[in-house]
Amino acid sequence: MAYMITAECINCGACELDCPVRAIAPAPSQFRIDPDVCVECDGYFDVPRCQHVCPVNACTPARAAYLFKARALANRGAPPRVYRPARAGASPQP
Amino acid sequence: MPRVVVVGGGWAGCAAALAARQAGADEVVVLERTDSLLGTGLVGGIMRNNGRYTAAEEMIALGAGQLFEICDSTSRHCGIDFPGHKHAWLYDVALIEPAVRRRLLENGVEIWLMSRVTEIERRDGAIRVVVLENGTSIPADVFVDATGTVGSQSFCTEHGNGCVMCVARCPTFGPRVSLTGLAGAPERAGRRADGALGAMSGSCKLNKDTVAPEIVRQLEAAGLVILPMPAHLVDRRKLSAKACQQYALPEFADNVILLDTGQIKLMTAYMPLDQLRQVPGLENARYEDPYSGTVGNSMRYSALSPRDDAMRVLGPVDNLFCGGEKAGLLVGHTEAIVTGTLAGHNAARAALGREPLVLPDALAVGDAIRFVRESMETEAGLQKKYTFSGSVLFERMQARGLYTTDREAVAARVAAAGLTGVFAREVA
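Residues numbered from 1 in each chain as written. Chains lettered and ligands numbered in written order. Predicted model: local features only at pLDDT ≥ 70, side-chain atom pairs only at ≥ 80, totals over all residues. Heavy atoms only, no water.

**Considering unusual backbone geometry**
Residues and elements named next belong to chain B.
- The amide bond that connects G151 to the next residue, S152, takes the cis arrangement and shows omega of 5°.
- A cis amide bond links D289 with the next residue in sequence, P290, at an omega value of -15°.
- Here N50, not a glycine, exhibits a phi torsion of approximately 50°, which is positive.
- Relative to the assigned elements, N50 resides in the loop between β3 (46–47) and α2 (51–61).
- Taking the relative accessible area as the measure of exposure, N50 reaches 4% and is therefore buried. (Helix = DSSP H or I, 4+ residues; strand = E, 2+ residues; numbered from the N terminus. Buried < 20%, exposed > 50% of the residue type's maximum accessible area, 1.4 Å probe, protein only.)

**Topic: the confidence of the model for chain A**
- When the pLDDT values of chain A are averaged, the result is 81; 76% of them are 70 or greater.
- Below a pLDDT of 50 lies the segment residues 89–94 of chain A, which in the model reaches 13 contacts outside its immediate sequence neighbourhood of four places, other chains included. (pLDDT = per-residue confidence, 0-100. Contact = heavy atoms within 4.5 Å.)

**Quick look at the pattern of salt bridges**
Residue and element names in this part refer to chain B.
- Per the stated rule, a full pass over the model turns up 30 salt bridges over all chains.
- The partner of D367 in a salt bridge is R370, and the shortest N-O contact between them spans 3.7 Å. Taken together, the residues span about one helical turn, with D367 and R370 both in helix α12 (residues 364–376) at a distance of 3 residues.
- Via salt bridges that share partners, D361, D367, R370, E374, R396 and R400 belong to a single interconnected network. (Salt bridge = Lys/Arg side-chain N within 4 Å of Asp/Glu carboxyl O.)

**Concerning the environment of V427 of chain B**
Residues and elements named next belong to chain B.
- Locating V427 in the fold gives a position in the segment after α15 (407–416).
- Sequence-wise, V427 and L352 are 75 residues apart; in three dimensions their C-alpha atoms are separated by 8.2 Å.
- Ignoring sequence-local partners within four residues, the contact set of V427 consists of A23, H345, R349, L352 and R354.

**Remarks on the packing of aromatic side chains**
- This structure, assessed with the given rule, holds 4 aromatic pairs over all chains.
- Plain terms: the ring middles of F371 of chain B and Y386 of chain B are 5.9 Å apart, the flat faces sit at 85° to each other, and that makes the pair edge-to-face. Of this pair, F371 of chain B sits in helix α12 while Y386 of chain B sits in the loop between α13 (379–382) and α14 (391–399), and the two are 15 residues apart along the sequence. Exposure class is identical for F371 of chain B and Y386 of chain B. Each is buried.
- Lying across the ring of Y83 of chain A, R81 of chain A places its NZ or CZ 5.3 Å from the centre.
- The ring of Y53 of chain B carries the charged tip of R48 of chain B above its face, separated from the ring centre by 4.9 Å. (Phe/Tyr/Trp six-rings, centres within 6.5 Å; stacked < 30°, edge-to-face > 60°. Lys NZ or Arg CZ within 6 Å of the ring centre and 35° of its normal.)

**A closer look at the interface of chain B and chain A**
- On the chain A side, the residues contacting the 29 residues of chain B number 20 residues.
- By the criterion of area lost to chain A, the three top residues of chain B are E110, W112 and M114 of chain B, representing 25% of everything that side buries.
- Seen at the junction of chain B and chain A, the total is 1 salt bridge.
- Between R84 of chain A and E110 of chain B there is a salt bridge; the shortest N-O distance is 3.4 Å.
- Where the side of chain B that touches chain A is concerned, the elements lending two or more residues are β2 (27–31), α4 (96–106), β6 (109–113), α5 (153–159) and α6 (170–173) of chain B.
- Of all the elements, β6 of chain B adds the most residues to the side of chain B that touches chain A, at 5 residues.
- Here the residues of the side of chain B that touches chain A are counted per class, giving 12 nonpolar, 8 polar and 9 charged.
- Inspection of the sheet shows strand β5 (residues 81–83) of chain A paired to β6 of chain B by 3 bridges, in the antiparallel sense. Directly across from R81 of chain A, in β6 of chain B, lies its bridge partner L113 of chain B. (Buried area = accessible area lost by both parts, 1.4 Å probe. Nonpolar A, V, L, I, M, F, W, Y, C, P; charged D, E, K, R; others polar. Pairing = 2+ DSSP bridges.)

Next up, the structure:
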């Protein structure tokens, strides 16, 4: 298990500076934790450092965050709503 | 079967889709991230003010009049004047989206909503497929990037006053993803006069039920109400932050200017609610858009596509066109319809294996497309915004004698260029 950073990330960079194993780096629109490097601060801190320093609670255990996100953002990644013009031989079905 | 996929369903994307169909693309699909078309057009409303009148008439003469027709027919007010602006038409922001949606379907455009493109497949110097967030792959011969330049939340936080819950609704539908960016073309960002990145949207909307009935009555009769700003609340500094330089006039700081677009358009980027409520008549006012109009507005111009005058995106792929805000620091619906139409038309031409069309600079629209592209290549140019309705571009239109409200003169100008109805015809 690893931690992850949710879309609430405000790009402040606090987690990157404090991560004891340097698992955190900037990604295109927010910071990202490399799950292969993250050790959840095991042996370093009682509370994972990123979660401790994050000002917006964006650093959370990967699985819980994923489930939360899937619930909260039900519209994202759902099948699109398609309106087809009324004519024969339009586009193939998705 | 030439197939064009337009990514982004704002004014530019809708215009591109219509133009691509009219030029002869058999299949045209619009992919829109949110649950409705028109993007910021859902909260806009101002058409035909100043040079936009000329641009709209040129587009009608060029054969791309359908969207202007819809705007005209849903207008609540025609030909109103307000500070710095003449003959503005105000469309009803509640009626416009369903009307545009119907028109696209009637023209054989397929509309996919809640379809956010997050990946592409690129091969042999062309985009082959765009992939939606849910994994659906959508192939096409040619693509149009009409994804705009608004947001994301992190951009609004970093360069603006945070996510203000604007109509872009990034938290719900996911932030804008640039097709140009996915294709690997280098993007540029617009700057403010002080060099900071981006620019802030220029107006808010107030809920009509929360404004004094007498003001609403005047507004619905005249389309416009100007309330003097209480002296202690005048703040002219805010004018420089706005995207809409055509509204960055002292009158807009010294007064509260309200326009009737169905709800009430407040012509300032934002204003703390407690200050707004000190204006007589607005004691109970509530923001309709953005919800957090107290602190700020959406940020734009974060990612402009490098392009040529045919609206082709310059970069590692050769089958990508761009329109709307992607195409330059162009502010406004009219501007988006102009650039989107040309992008869609040329996308269809490319899909049919024809040379692209470049509009001549004898037309205000052709001149604007070229002038904005050239200006954007300079640092100073990136600090300006361009619109037919004011500031540098309108001044240029007037200086070149291109501004007129004479429909016949515009039609004659387009005829002289040999382009009458060009966007309405299938490409031979």
